[in-house]
Each structure stands twice: as C-alpha cells, then as structure tokens.
Amino acid sequence: MEQEELIKRNLQEIVTEEELDELVATKNRPTAYVGYEPSGKIHMGHVLTVNKLIDLQRSGFDIIVLLADIHAYLNQKGSLEEVRELAEQNKRCFLALGLDPDKTKFVFGSDFQLNHDYMLNVLKLTQETSLNRAKRSMDEVGRKMDDPKVSQMVYPIMQAVDIAMLEVDVAVSGIDQRKIHMLAREELPDVGYRSPTCIHTPIMLGLDGVKMSSSKENYISVDDTEDDIKRKMKKAYCPAETVEDNPVLEIFKYHVFPRYDEITLKRPEKFGGNLEISGYQELEEQFASGEIHPMDLKNAATEYMNDLLKPVRKILTEA
Ligand SMILES: Nc1ncnc2c1ncn2[C@@H]1O[C@H](COP(=O)(O)OP(=O)(O)OP(=O)(O)O)[C@@H](O)[C@H]1O
Ligand SMILES: N[C@@H](Cc1ccc(O)cc1)C(=O)O
C-alpha cells in the first residue's frame, strides 16, 4: 500500500490535510503521539488509535505514547498510585498489539508535567482560555461533568501543553478529543508554540451499537479469551442487511481488513458454501444485499478476532 494511503486510511478527519501533506513532504522523521488515560481494559476502540500509530510508524514517523496518569487522576478515575499501575499494564498491551518497541517512546505524564517550565506554560494558557471553552472541550472526555471539578478545567490545558512540550507534529486521537485539539491549535501560538496538525479516528461502536467504552461492558478487550469473544459476539447487535451503525461490520472495517487482504467467510454448503471476500467494500455490499446472513458474519468476526488477538494474548501471558 502506498504511504499516503496508509497514513490516511480509516480516519474521520485530518486538520488540516494540506498541513499533513506538507509535513510528510518536508520533514524527515515527524513525530506523532496519542495520550491515553490508563484504563482497566484496553478495548478494540482504543486499538483504532494504536492501529493508526502503527500505520504512521510504518510511514516513517517517530511515535510517542503518553501514559496520561495525571490526567486520569484529574478526571476522577482513581488515585495516582492506582492509575500508575494500570499504565504499566496498558504499555504491555500497546506493545503486544504491534508497536515497534525500538521506535516507540513511552512517556508517563508524571515524568514531565510537574516541572517548572511545563507548569508555567499551563498557567499562561489558563490566561488565554475562557472557563466556558475549557468546559465545552471536556464535553465528551470528562467524567461526571454535571458537577465538574476545577481539575477538569486544567485537564484540556495540560493536554495542549503536552503537545508543545513533547514537540509533537501530529496529535492523534479519537474524534471525541476534537474540541481539546482545536483549543490547542488556536491557543498554543499565543504562548509561543506551533499549532499541531490533528488526525482523528472515528469512534468505534460497542457490540450493543453505541460507543464502545470500558465502563459499558459492550467491548471486546484485547485480553478476552476465545470463549469471551464467542459469547459476546452471539449477543451483538447485527440486523440483517443493515450497514449503518452495525458494530460487527465495523470490526471487519477497522480491525480485520487492515490486517488481511482477503478473508474466507465459512458457511455450510446448504447455505451457499464458503465465500472468499477481498476488501471491506465487497463484504459490506454482500451483507447489504442479504447474500450474507448475520449469523455467518458474526461467526467470521469471532474467528478473525480470535486469530488477530492470539499473538497479543500470548505476549501478555508470557510477560
Ligand atoms: N470506542 C472508541 N472508538 C475509538 N476510540 C476510542 C473509543 N473509546 C476510546 N477511544 C479513544 O481512546 C482514548 C481513551 O479514551 P477513554 O479513556 O474515554 O476510553 P473509554 O473506554 O471510553 O473509557 P471510559 O468509558 O471508561 O471513560 C481516547 O483518545 C479516545 O479517543
Ligand atoms: N484526553 C485523553 C487522554 C490524554 C491526556 C493527555 C494528552 O496529552 C493526550 C490524551 C483521553 O480522553 O483519554
């Protein structure tokens, strides 16, 4: 696959595409980053951004993964000790998913966010940012936002300062981080830093048809067993002939086809026999026309998810 196609596949938005094209054309090894609040479960929604980091790594980018322990703490996700322990486990998952350990820099937020220059930049940005804007930027990110804490207003400002202090060219995330990124793009130049280019992945649906989330029990986690996946997939929302908001089709789009050029959808002879499918578009068309039954789609999703997660589980149990 061509470099440009690899960089731009499976994205919801690039802000801006011209900036990205120029960066790739002019800079030898640009830097891209994703920050993650440490989480009890790394699920296939999180993996969308990991997949994008792998695409960028293969296209010559240097990659930073920020284990955002202080951010999780500020967002009411647990004590600093609890989130740090989760961050260590998450790092192992990210590596097991295929990031190159020699070319990926893992950084803990608490390693640099408490130093003098960093804090001064945070304070400078608090001067530039209205309370209203800080609050709005947290709409899709903050916990318990009906009663937000001051810490959750500092949160987006620190996320912007991360981009400056880590000297990131491209900030990658799910589209839910958009408002924080727009704040960073507009306000960093006011305190003497560059505007980052931003790459946003879509938000993946959970198996019930709404956003996949660790707090909703609607996810496939990277350490789920074969039986877990089989059980969860059986119950998945997958209406016949319906393409829109179909989480099982999304599994093929975002996780299976980026890794397999062609798949075999197994079916008993009496239901038409096996189907060879080369590419997501073909799968979608055949499902929409009724040629593929939801049960057969789910069985294939179970098989390919297991195949895909087998090496990840192996690494996680060996470590
Ligand atoms: N379903 C999803 N699809 C794509 N990206 C996601 C999804 N869920 C989370 N992300 C991305 O992963 C990062 C961490 O998000 P976040 O901590 O909100 O995960 P979460 O599973 O929704 O957690 P929780 O629901 O427990 O708060 C963000 O960059 C976000 O864009
Ligand atoms: N806001 C991100 C976490 C994050 C924190 C700091 C950053 O610099 C980047 C991302 C989330 O919702 O999980």
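Per an unreviewed UniProt entry, the protein goes by Tyrosine--tRNA ligase and derives from Methanohalobium evestigatum. Under Subunit (unreviewed entry), UniProt gives the following word-for-word description of the protein: "Homodimer." According to the UniProt record, the Function (unreviewed entry) comment for the protein is "Catalyzes the attachment of tyrosine to tRNA(Tyr) in a two-step reaction: tyrosine is first activated by ATP to form Tyr-AMP and then transferred to the acceptor end of tRNA(Tyr)."

Draft legend 1. Representation of the overall build of the protein within the structure. What the protein contains, in helices and strands, is 14 helices and eight strands. A globule of 319 residues ought to have a C-alpha radius of gyration of about 20 Å, and the protein, at 20 Å, matches this closely. C-alpha atoms of the protein, sized along the principal axes, occupy 70 × 45 × 40 Å. Within the protein, the fraction of its 319 residues that count as buried is 55%. Put simply, of all contacts in the protein between residues at least 6 apart along the chain, 73% involve residues at least 24 apart. Split by element, the accessible area of the protein, about 15200 Å² in all, is 48% carbon and sulfur.

Draft legend 2. Quick look at the site of ligand 1. The full set close to ligand 1 counts 17 residues, and His43, Asp176, Met204, Ser213 and Ser214 are the nearest of them. Within the contact set of ligand 1, an oxygen atom lies 2.7 Å away from a side-chain nitrogen or oxygen of histidine 43. Between ligand 1 and the protein, one listed contact pairs an oxygen atom with a side-chain N or O atom of lysine 211 at 3.3 Å. In this structure, ligand 1 is accommodated by the largest pocket. Among the elements that line the shell around ligand 1, the one with the most residues is helix H3 (residues 44-58), at three residues. Of the residues in the shell around ligand 1, the class split is five nonpolar, eight polar and four charged.

Draft legend 3. Looking closely at the pattern of salt bridges. Per the stated rule, a full pass over the model turns up 24 salt bridges. For the salt bridge of glutamate 318 with lysine 314, the shortest nitrogen-to-oxygen distance reads 3.3 Å. Placement of the pair is glutamate 318 and lysine 314 together in helix H14 (residues 294-318), with a separation of four residues, close to one helical turn. Here glutamate 318 falls in the exposed class, since its relative accessible area comes to 57%. With relative accessibility at 52%, the residue lysine 314 sits in the exposed group. Linked by salt bridges that have partners in common, Glu4, Lys8, Glu17 and Asp21 make up one network.

Draft legend 4. Examining the nonpolar core more closely. Residues Met44, Val222, Phe252, Leu283 and Leu297 are the most contacted members of the largest nonpolar core, which totals 66 residues. If one sorts the elements of this core by residue count, H14 sits on top with nine residues. Inspection of this core shows a minimum of three residues originating in each of domain 1 (3-201) and domain 2 (226-318). When neighbours within four sequence positions are excluded, phenylalanine 252 is seen to be in contact with Phe257, Pro258, Ile263, Tyr280, Leu283, Leu297, Ala300 and Ala301. Residues Val122, Val168, Ala171 and Val191 belong to the second largest nonpolar core, which totals 34 residues.

Draft legend 5. Just the site of ligand 2, in detail. Taken together, Tyr33, Gly35, Glu37, Leu66, Ala68, His71, Val141, Tyr155, Gln159, Asp162 and Gln177 make up all the residues around ligand 2. Within the backbone of glutamate 37, a nitrogen or oxygen atom sits 3.5 Å from an oxygen atom of ligand 2. At 2.7 Å from a nitrogen atom of ligand 2 is found a side-chain nitrogen or oxygen belonging to tyrosine 155. About the coverage of ligand 2: the protein hides 89% of its 340 Å² of free accessible area.

Draft legend 6. Seen up close, the UniProt feature "binding site: L-tyrosine" (unreviewed entry) in the protein. Mapped onto the present numbering, the UniProt feature "binding site: L-tyrosine" (unreviewed entry) falls at Tyr33, Tyr155, Gln159, Asp162 and Gln177. Looking only at the residues we just named, the largest pocket is lined by Tyr33, Tyr155, Gln159, Asp162 and Gln177. With residues up to four places along the chain from it excluded, the contact list for tyrosine 33 reads Leu53, Ile64, Leu66, Gln159, Asp162, Ile163, Leu166, Val168, Val170, Ala171 and Val172. Mapped onto the fold, glutamine 177 is located in the loop between strand E5 (170-174) and helix H10 (178-187).

Draft legend 7. Spatial organisation of unusual backbone geometry. Cis peptide bonds are those with omega within 30 degrees of zero, and the linkage from valine 15 to threonine 16 qualifies with -10°. Positionally, threonine 16 belongs in the loop between strand E1 (13-15) and helix H2 (17-26). For lysine 144, which is not glycine, the phi dihedral falls at a positive 50°. Structurally, the position occupied by lysine 144 is in the loop between helix H8 (131-137) and helix H9 (151-165).

Cut-offs and rules
- Residues numbered from 1 in each chain as written.
- Chains lettered and ligands numbered in written order.
- Predicted model: local features only at pLDDT ≥ 70, side-chain atom pairs only at ≥ 80, totals over all residues.
- Heavy atoms only, no water.
- UniProt positions renumbered as here; feature names shortened; annotations may be inferred.
- Helix = DSSP H or I, 4+ residues; strand = E, 2+ residues; numbered from the N terminus.
- Rg over C-alpha atoms; globule rule 2.2 N^0.38 Å.
- Buried < 20%, exposed > 50% of the residue type's maximum accessible area, 1.4 Å probe, protein only.
- Contact = heavy atoms within 4.5 Å.
- Areas by Shrake-Rupley, 256 points an atom, 1.4 Å probe, with all protein chains shown as cover.
- Near = heavy atom within 4 Å.
- Polar contact = N/O pair within 3.5 Å; in protein donor to acceptor, adjacent residues only side chain to side chain.
- 1 Å grid on protein atoms, 1.4 Å probe; cavity = no way out; pocket = protein on both sides within 12 Å on 5 of 7 lines; lining within 4 Å.
- Sits in = over half its atoms within 2 Å of the grid points.
- Nonpolar A, V, L, I, M, F, W, Y, C, P; charged D, E, K, R; others polar.
- Salt bridge = Lys/Arg side-chain N within 4 Å of Asp/Glu carboxyl O.
- Core = buried A, V, L, I, M, F, W, Y, C linked by side-chain atoms within 4.5 Å.
- Domains from an automatic or database assignment.

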